[in-house]
Amino acid sequence: MSKAFPITNRELERAWRELRRSSQVESRCNSHRLLMVYAVECGLKAVWLRYQRRDLFEGQDIDRFGHDLNEVLRELKPGRQFEPLPAVVHLKPIEVGRPPRERTRSGGLEALHQAWRYGAHLTEPSDEAMEQHLERVAQWIAKELQ
């Protein structure tokens, strides 16, 4: 059983709306993009609960999906409206040590959370490309939660 606590569909939908609204600014920086990631996560889980005709996202659901947006998307089967989010993201390499050596940085969607939370930038896909992809998912969620 997960250590995370259960969340109601009403709470997920409210979080979706509030995070979405907070992330919608004229020119997004990575802090806004991070809010967008969390909005999409809450929205996808709210849509999933609706499809399941349930009101509570709880232990086994949390254990199953965690923060894996692609897993929730696979379960929802939104059709060919958009491709899954990139499974791997790459950040700008950093130089460490003396003499400097380049250290690459990459990971799954959890790396996206970290990158945008800590102010790093993506190189593949770019911050802007990931933002556009998340925006397409967010637009689909908005239609589903009407």
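Here the structure is a predicted model, which is why all the values come from computation and not from measurement.

Q: Quick rundown of the nonpolar core? Include the residues and the values.
A: Most often, soluble globular proteins keep nonpolar side chains buried together rather than apart. One finds Leu44, Trp116, Met130, Leu134 and Ile141 to be the most contacted residues of the largest nonpolar core, which totals 38 residues. Elements with a contribution of two residues or more to this core: α1 (9-23), α2 (30-52), α3 (59-65), α4 (69-76), β3 (89-96), α5 (109-118) and α6 (127-144). When residues in this core are grouped by element, the largest group, eleven residues, is from α2. Sequence-distant contacts of methionine 130, that is, excluding residues within four places in its chain, are made with Leu85, Pro86, Val89, Leu109, Leu112, Trp116, Leu122 and Pro125.

Q: How would you explain the packing of aromatic side chains if you had to name every residue and give the values?
A: Taken as a whole and judged by the stated rule, the model has three aromatic pairs. Measuring from ring centre to ring centre gives 6.3 Å for phenylalanine 57 and phenylalanine 65, while their planes differ by 20 degrees; the resulting arrangement is stacked. In terms of burial, phenylalanine 57 and phenylalanine 65 fall into one category: buried. A connected cluster of aromatic rings, assembled from ring pairs, spans Trp48, Phe57 and Phe65.

Q: Account for α6, naming residues and giving values.
A: Given 3.6 residues per helical turn, the α-helix brings residues three or four places apart onto the same face. Taking 1.5 Å per residue as the helical rise, α6 with its 18 residues ought to reach 26 Å, and the 26 Å between its terminal C-alpha atoms agrees with that figure. Among the residues making up α6, those that are buried are Asp127, Met130, Glu131, His133, Leu134, Glu135, Val137, Ala138, Trp140 and Ile141. Buried positions along α6 lie against α1, α2, α4, β3, α5 and β5 (122-124).

Q: I'd love a proper account of the environment of arginine 17, names of residues and values included.
A: Relative to the helices and strands, arginine 17 is located in helix α1. On the basis of relative accessible area, arginine 17 is assigned to the partly exposed category, the value being 43%. Placed 90 residues apart in sequence, arginine 17 and glycine 107 show a C-alpha to C-alpha distance of 28 Å.

Q: An account of the sheet that holds strand β4 (residues 101-107) is requested, with residue identities and associated values reported.
A: Taken in spatial order, the three strands line up as β4-β3-β5 in an open sheet, and their pairing is antiparallel. Pairing within the sheet leaves two strands with one partner each, and these edge strands are β4 and β5. Here the average twist between neighbouring strands, direction ignored, is 45 degrees. Of the strand pairs in this sheet, β3 and β4 are connected by six bridges, and their pairing is antiparallel. In the sheet register, valine 89 faces β4, and the bridge partner there is glycine 107.

Rules behind the numbers
- Residues numbered from 1 in each chain as written.
- Predicted model: local features only at pLDDT ≥ 70, side-chain atom pairs only at ≥ 80, totals over all residues.
- Heavy atoms only, no water.
- Core = buried A, V, L, I, M, F, W, Y, C linked by side-chain atoms within 4.5 Å.
- Buried < 20%, exposed > 50% of the residue type's maximum accessible area, 1.4 Å probe, protein only.
- Helix = DSSP H or I, 4+ residues; strand = E, 2+ residues; numbered from the N terminus.
- Contact = heavy atoms within 4.5 Å.
- Phe/Tyr/Trp six-rings, centres within 6.5 Å; stacked < 30°, edge-to-face > 60°.
- Expected span 1.5 Å × (residues − 1).
- Pairing = 2+ DSSP bridges.
- Axes fitted to C-alpha atoms, helices over the stretch in contact; angles between N-to-C directions.

Everything listed is a geometric property; what it means functionally is a separate question.
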